[in-house]
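Structure assessment
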Amino acid sequence: MRPKFRKEMIDLAYEYASQGLTQKQIAQNLGINEATLYDWLKKYPKLSEAIKKGKEAAIEKVENALFKRAIGYDYQEVKVYRTTRKDGTVYERQEIVKKHMPPDTTAIIFFLKNRAPDRWTDRKETAIELDKLPKLIIELPEEGKTNNDGNANK
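Heads up: these notes are all about the structure in this document. (Residues numbered from 1 in each chain as written. Predicted model: local features only at pLDDT ≥ 70, side-chain atom pairs only at ≥ 80, totals over all residues. Heavy atoms only, no water.)

This paragraph deals with the packing of helix H4 (residues 45–71) against helix H5 (residues 105–115). Contact pair H4 / H5: the axes reach a minimum separation of 8 Å and the direction vectors enclose 125 degrees. The pairing of H4 with H5 is recorded here as oblique in orientation. H5 is crossed by H4, and the crossing has left-handed handedness. Residues Glu-63, Leu-66, Phe-67, Arg-69 and Ala-70 of H4 form the contact with H5, whose participating residues are Ala-107, Ile-108, Phe-110, Phe-111 and Arg-115. (Axes fitted to C-alpha atoms, helices over the stretch in contact; angles between N-to-C directions. Helix = DSSP H or I, 4+ residues; strand = E, 2+ residues; numbered from the N terminus. Parallel < 35°, antiparallel > 145°, perpendicular 65-115°, else oblique. Left-handed = near helix turned anticlockwise from the far one by under 90°. Contact = heavy atoms within 4.5 Å.)

Take the pattern of salt bridges next. Scanning the model with the defined rule gives 7 salt bridges in all. For the salt bridge of Arg-93 with Glu-95, the shortest nitrogen-to-oxygen distance reads 3.2 Å. With a relative accessible area of 31%, Glu-95 lands in the partly exposed category. (Salt bridge = Lys/Arg side-chain N within 4 Å of Asp/Glu carboxyl O. Buried < 20%, exposed > 50% of the residue type's maximum accessible area, 1.4 Å probe, protein only.)

Following this line, the structure appears as structure tokens:
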């Protein structure tokens with residue numbers, strides 16, 4: 001029995017794609033095989049568009065995370081302290097601590113090399129100006145004339 005396409009699968013497929021799932025994983029989560037998904041992508045343009053938009057959303061999330069990591073950011077961490085009183089009851093106290101994640105050099109390099117490759121590359125390309133190279137003249141002997149070793153050219 002072949003599974004039936006339902007409109008709610010469009011939203012599900014978008015959600016799965018935006019979480020970074022592959023098409024194989026999307027198909028599994030929809031309860032279909034990969035071949036059926038490929039058939040549906042051809043048959044239902046809205047499904048195909050939803051997956052494309054979901055993949056783009058996932059890429060944006062990663063780009064934003066990379067950017068945050070490259071420039072550093074502040075965040076809050078909840079610390080939980082537990083103490084046992086003399087009567088045996090456990091007392092729990094929470095404390096919110098402000099922390100700072102410093103910029104990451106690797107993320108900075110990766111970001112700049114990909115976003116501004118003309119300014120941030122390791123390769124130095126040297127342009128060769130042909131008019132400044134020494135001129136090499138190679139004379140080929142004409143046919144029928146002898147070359148330097150006395151033999152005739154053929």
